[in-house]
Number of protein chains: 4
Amino acid sequence: MASSNNEATARAGRRRSTGAGSSRRAQLLAIAAEMFATRGYSQTTVRDIADEAGILSGSLYHHFASKEAMLTEILRDFMGNLLTEIRDIAEAGQTPREALDGLIYNSFETIHRVPFAVALYQNESALLTTTPEFAFVHKASLDVEKVWLGVLKQGQAEGDFRADLDPGLTYRFIRDAIWSTVRWYSPRGRLQHRTVADQYLEMLHGGLLA
Amino acid sequence: MASSNNEATARAGRRRSTGAGSSRRAQLLAIAAEMFATRGYSQTTVRDIADEAGILSGSLYHHFASKEAMLTEILRDFMGNLLTEIRDIAEAGQTPREALDGLIYNSFETIHRVPFAVALYQNESALLTTTPEFAFVHKASLDVEKVWLGVLKQGQAEGDFRADLDPGLTYRFIRDAIWSTVRWYSPRGRLQHRTVADQYLEMLHGGLLA
Amino acid sequence: MASSNNEATARAGRRRSTGAGSSRRAQLLAIAAEMFATRGYSQTTVRDIADEAGILSGSLYHHFASKEAMLTEILRDFMGNLLTEIRDIAEAGQTPREALDGLIYNSFETIHRVPFAVALYQNESALLTTTPEFAFVHKASLDVEKVWLGVLKQGQAEGDFRADLDPGLTYRFIRDAIWSTVRWYSPRGRLQHRTVADQYLEMLHGGLLA
Amino acid sequence: MASSNNEATARAGRRRSTGAGSSRRAQLLAIAAEMFATRGYSQTTVRDIADEAGILSGSLYHHFASKEAMLTEILRDFMGNLLTEIRDIAEAGQTPREALDGLIYNSFETIHRVPFAVALYQNESALLTTTPEFAFVHKASLDVEKVWLGVLKQGQAEGDFRADLDPGLTYRFIRDAIWSTVRWYSPRGRLQHRTVADQYLEMLHGGLLA
DNA sequence: GATGAATGAGTATTCATTCAT
DNA sequence: GATGAATGAATACTCATTCAT
């Protein structure tokens, strides 16, 4: 919740008061994240980013070693924060059911707060799984999975959740349903993230049938 | 079921039954679909496709007007067949619950049968929503949505499904959970599509809570 | 006058009765000449010509060895006929003034009859002077010049024409003014070639001043 | 006379007076103009130009958006300057005959000064009339024609020129005879542009007949 | 920090031409 | 005579990146 994810930092970055040098980086990263997310990483040119930032493309290389380095930084930030947050939630000493709900609420908050990073993570799977430089993303994903699976299995053991469901499939089911909302969720749309979360929890808890 | 989706056609391409010329096209489209899906459309070069097909890149233009035209044909094929199939299912005169289950089974079958087309549809959203040439994909998506929503609403009216859930959100929830499986589902893996479908239906029907 | 220039032959070619095999060649050459002239030689593709002829581009090579061979044949035809005609006129035993008028009338007739060949000769000078294969065009041009210069010089010697003008410059002046009309002359336009010829002769004979 | 046509500017390009950046542009445009004029626009490759400039072909795109943009700039420069000059001459308050002579001298000077631009204008008519992007050239040509026609008609009205000649045809006659000289005129040849102009004026004024 | 000019490797596409059928 | 598939070389253009100023 108290996150320093790039999109948030970027908003602060425009004040041009706090953080001097690093705010410029964050600003540029925020621009890059948005463009990477909306146009796709490889459809976004370094010049696109520079144009949006009001500088020349060559000047970007004073801040980042390469285009790929920008994406790496965005994703590393994102995955790192995500992992910290969900670990905090899982270790908060609640019941498995409360923990699961907490993870789910957190996911929707994350989508609300840093939609571009989430979209990147969702849409660039081809790039992320192909390029060895992005193996760390996959690794972090496995760590995330471990936390969720822990909660699910504990919940089955304690009788919170149905025991006839495969935990791995259950995790993927929930994960995919939730993270996919980034594609249509609009922070300023009719449905607020809290509302969507509540509805999704309803479905997950009780199912569709009357 | 009686589908002529590109991947299927390609496999049967050597039969020379549907006309000499078109089998070559289907062959090339199948190659393109796989590469587009696994590396991403813009990461796949025309030369990649041609290499895989054993011809020179320029020769591809004897069969297709452009790289984009290949993607268009793949997606048009896919969306067209999908729409036909789900309409057949929805109009088969079953109960809404049976219809919904049918739609879901069909989705998993589709993922099993033409994984590359599905992956393309899932992963290239940036391209598909940005480029005006691909507006037809969005249009077809809306048609698909209409069919699903029809089933869901009828089910709520007839008391099959819970009435306190928003049908639009419910559709997205199901759709995203299912189609996302294309990212990890392996046709030759441990879990067969039928198994996954059954588990997902379990969760959807009754929810997670014990 | 009784010329066998390609454009004329082409018109006969559509009858598909006379000349069997050679009429097909002429037909194709006529198509090529028109396209070369209107779009430019290098802007015209072999496929353009084939499309217009209703065959595939590869099939053109049954008739001609290459695209360049088509242009060569068109120009060789044209230059050959032109040379024959103007020699006939120059040797017809008239006064130099009558001969000059005859040459001029003939030029306008040629433009009227085979506009595309003339346009080619006018517009493709860059290609014609650069490519060694087209040296024959330049050679024929010199032969044409010789005939005109002969008439002009004889006219000066016999007192028909002013002696204070440089014959070489005079020739170029007349030649360029006349042949350039191919760019705006329309066989079916308001001004018929005979009319234009008469007006140009008026100017050439008496000048502009009142 | 006080012209800033591209060829001229290019020669002075190293002065670094009109601003560093623009002199490089002018240099490159001068190279392009010469090559376009001598080999033809479509026979000239971007690499040809870059080679001549001593840079890589891709680097040209740092200065110009496209090959076509280079031609556009060359022609726009040329037509703009030409129009300014002939309007100055026509409005200088001389007799129509003096004005006409002035226009003609100016034409020869232009050919002498910027032969490549003139040649382009003369030789690329197929391209210029086909491609819609070059419609501005045709428009400027009509403006030029208006100025010349004004002088000719006024001259007929005031009795300077013969009244029995069609002004439109007279204009084309003069225009074509003069501009065509760009094909054979050599700035360093035996005949200087002034000499050619004088001879052409002689013919135009008094005609050929003795 | 930023500019502007350039690199160099690639990228889709074009097109004259060939040739087995 | 014609087809249709393919070649191979070229073509305009793109773009991440470098670097002297």
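The shown structure was predicted, so the numbers you read here are calculated from the model rather than taken from an experiment.

**Here we look at the overall build of chain A**
Assigned secondary structure in chain A consists of ten helices and zero strands. Traced from its N-terminal end to its C-terminal end, chain A shows the element sequence α-α-α-α-α-α-α-α-α-α. Burial analysis of chain A (210 residues in total) assigns 38% to the buried set. Across chain A, every contact between residues at least 6 apart in sequence was considered, and the portion connecting residues at least 24 apart equals 63%.

**Some words on the protein's contact with DNA strand E**
Not every one of the 33 residues close to DNA strand E is listed here, only the nearest: A:Gly58, B:Gly58, C:Gly58, D:Gly58 and D:Ser59. Elements that contribute at least two residues to the surface near DNA strand E include exactly α2 (20-39) of chain A, α3 (46-53) and α4 (67-90) of chain B, α3 (46-53) and α4 (67-90) of chain C together with α2 (20-39) of chain D. Element by element, the count of residues in the surface near DNA strand E is highest for α2(D), at three residues. Taken together, the residues that form the surface near DNA strand E break down as nine nonpolar, 16 polar and eight charged.

**Points about the environment of B:Asp48**
By secondary structure assignment, the location of B:Asp48 is in helix α3. For the pair formed by B:Asp48 and B:Met35, sequence separation is 13 residues and the distance between their alpha carbons is 8.1 Å.

**A closer look at the UniProt feature "DNA-binding region" (unreviewed entry) in chain A**
Those residues carrying the UniProt feature "DNA-binding region" (unreviewed entry) are residues 45-64 of chain A in this numbering. Helix makes up 40% of residues 45-64 of chain A and strand 0%. Its end C-alpha atoms lie 14 Å apart.

**As for the interface of chain A and chain B**
Tallying the contact residues gives 37 residues for chain A and 37 residues for chain B. Broken down by secondary-structure element, the contributors of at least two residues to the side of chain A that touches chain B are α2, α7 (125-130), α9 (167-179) and α10 (193-206) of chain A. A per-element tally of the side of chain A that touches chain B places α10(A) first, with eight residues. By residue class, the composition of the side of chain A that touches chain B is 15 nonpolar, 14 polar and eight charged.

**Focus on the relation of the copies chain A and chain B**
The operation relating chain A to chain B is a screw motion whose rotation component is 180°, with 0.0 Å of axial translation and a residual RMSD of 0.1 Å. In symmetry terms, the pair is related by a two-fold rotation axis. Of the C-alpha atoms belonging to chain A, the one lying closest to the rotation axis is found on A:Gly207, 1.8 Å away. Of the interface residues in chain A, 100% have counterparts in chain B that sit at the interface too, so the contact is made through matching surfaces.

**Some details on the relation of the copies chain D and chain C**
Rotating chain D by 180° and moving it 0.0 Å along the rotation axis overlays it on chain C with an RMSD of 0.1 Å. Comparing interface residues between copies, 100% of those in chain D also lie at the interface in chain C; the contact surface is shared.

**Comments concerning the protein's contact with DNA strand F**
Near DNA strand F, the surroundings consist of 33 residues, among which A:Gly58, B:Gly58, B:Ser59, C:Gly58 and D:Gly58 are the closest. Of all the secondary-structure elements, those providing two or more residues to the surface near DNA strand F are α3 (46-53) and α4 (67-90) of chain A, α2 (20-39) of chain B, α2 (20-39) of chain C together with α3 (46-53) and α4 (67-90) of chain D. Here the element with the most residues in the surface near DNA strand F is α2(B); it accounts for three residues.

**A few points about the environment of B:His62**
Residue and element names in this part refer to chain B. By secondary structure assignment, the location of His62 is in the loop between α3 and α4. Taking the C-beta count within 10 Å as the criterion, His62 has 8 such neighbours and is therefore assigned exposed. Sequence separation of His62 and Arg25 is 37 residues, and the distance between their C-alpha atoms is 10.0 Å.

**Examining the confidence of the model for chain A**
Detailed reading of the predicted coordinates is not advisable wherever pLDDT falls low. All names here are of chain A. Per-residue confidence for chain A gives a mean pLDDT of 91; residues scoring 70 or more make up 90%. Predicted confidence in chain A is weakest over helix α1 (residues 6-13), with a mean pLDDT of 45, and strongest over α9, with 98. Counting interchain partners and residues more than four positions distant, the pLDDT-below-50 stretch residues 8-20 has 16 contacts.

**Quick notes on the interface of chain D and chain C**
Interface extent is often summarised as the accessible area lost during association of the parts. Each side of the interface is counted separately: chain D has 37 residues, and chain C has 37 residues. The set of elements that each furnish at least two residues to the side of chain D that touches chain C consists of α2, α7 (125-130), α9 (167-179) and α10 (193-206) of chain D.

**Focus on the nonpolar core**
Counting 108 residues, the largest nonpolar core has C:Ala33, C:Ile74, C:Leu120, D:Ala33, D:Ile74 and D:Leu120 as its most contacted members. Among the nonpolar cores identified, the runner-up in size contains 107 residues, and A:Leu103, B:Phe78, B:Ile178 and B:Ala197 belong to it.

**Quick word on the packing of helix α8 (residues 135-157) of chain B against helix α9 (residues 167-179) of chain B**
When two helices pack together, you describe them by how their axes are tilted relative to each other and by the distance separating the axes. Residue and element names in this part refer to chain B. The N-to-C vectors of α8 and α9 enclose an angle of 120°; their axes lie 10 Å apart at closest approach. Considering the angle they form, α8 stands oblique to α9. Crossing hand, α8 versus α9: right-handed. Contacts between α8 and α9 pair Glu145, Trp148, Leu149, Leu152, Lys153 and Gln156 from the former with Pro167, Thr170 and Tyr171 from the latter. Here the residues of the contact of α8 with α9 are counted per class, giving five nonpolar, two polar and two charged.

**Considerations on helix α10 (residues 193-206) of chain C**
For α10(C), built from 14 residues, the straight-helix expectation of 20 Å at 1.5 Å per residue is met to within 8% by its first-to-last C-alpha distance of 20 Å. Where α10(C) is buried, its residues meet α5 (96-113) and α9 (167-179) of chain C together with α9 of chain D. Of the residues flanking the end of α10(C), it is C:Gly207, one or two places downstream, whose phi is positive at about 80°.

**Here's the deal with the packing of α4(C) against α5(C)**
Residue and element names in this part refer to chain C. At a minimum axis separation of 9 Å, α4 and α5 run at an interaxial angle of 155°. Here α4 is positioned roughly antiparallel relative to α5, judged by the angle of their axes. Along this stretch, α4 crosses α5, giving a crossing that reads as right-handed. On α5, the residues touching Leu82, Glu85, Ile86, Ile89 and Ala90 of α4 are Ala99, Gly102, Leu103, Asn106 and Thr110.

**Section: the environment of D:Gly102**
Residue and element names in this part refer to chain D. As for its placement among the helices and strands, Gly102 is situated in helix α5 (residues 96-113). Using a count of 18 C-beta atoms within 10 Å as the deciding quantity, one classes Gly102 as partly exposed. Separated by ten residues in sequence, Gly102 and Ala92 have C-alpha atoms that sit 9.8 Å apart. Excluding residues within four positions of it along the chain, Gly102 makes contact with Ile89 and Gln94.

Calculation rules
- Residues numbered from 1 in each chain as written.
- Chains lettered and ligands numbered in written order.
- Predicted model: local features only at pLDDT ≥ 70, side-chain atom pairs only at ≥ 80, totals over all residues.
- Helix = DSSP H or I, 4+ residues; strand = E, 2+ residues; numbered from the N terminus.
- Buried ≥ 20, exposed ≤ 12 C-beta atoms within 10 Å, placed from the backbone.
- Contact = placed C-beta atoms within 7 Å.
- Near = placed C-beta within 6 Å.
- Nonpolar A, V, L, I, M, F, W, Y, C, P; charged D, E, K, R; others polar.
- UniProt positions renumbered as here; feature names shortened; annotations may be inferred.
- Least-squares fit on C-alpha atoms with pLDDT ≥ 70 in both.
- pLDDT = per-residue confidence, 0-100.
- Core = buried A, V, L, I, M, F, W, Y, C linked by C-beta atoms within 7 Å.
- Axes fitted to C-alpha atoms, helices over the stretch in contact; angles between N-to-C directions.
- Parallel < 35°, antiparallel > 145°, perpendicular 65-115°, else oblique.
- Left-handed = near helix turned anticlockwise from the far one by under 90°.
- Expected span 1.5 Å × (residues − 1).

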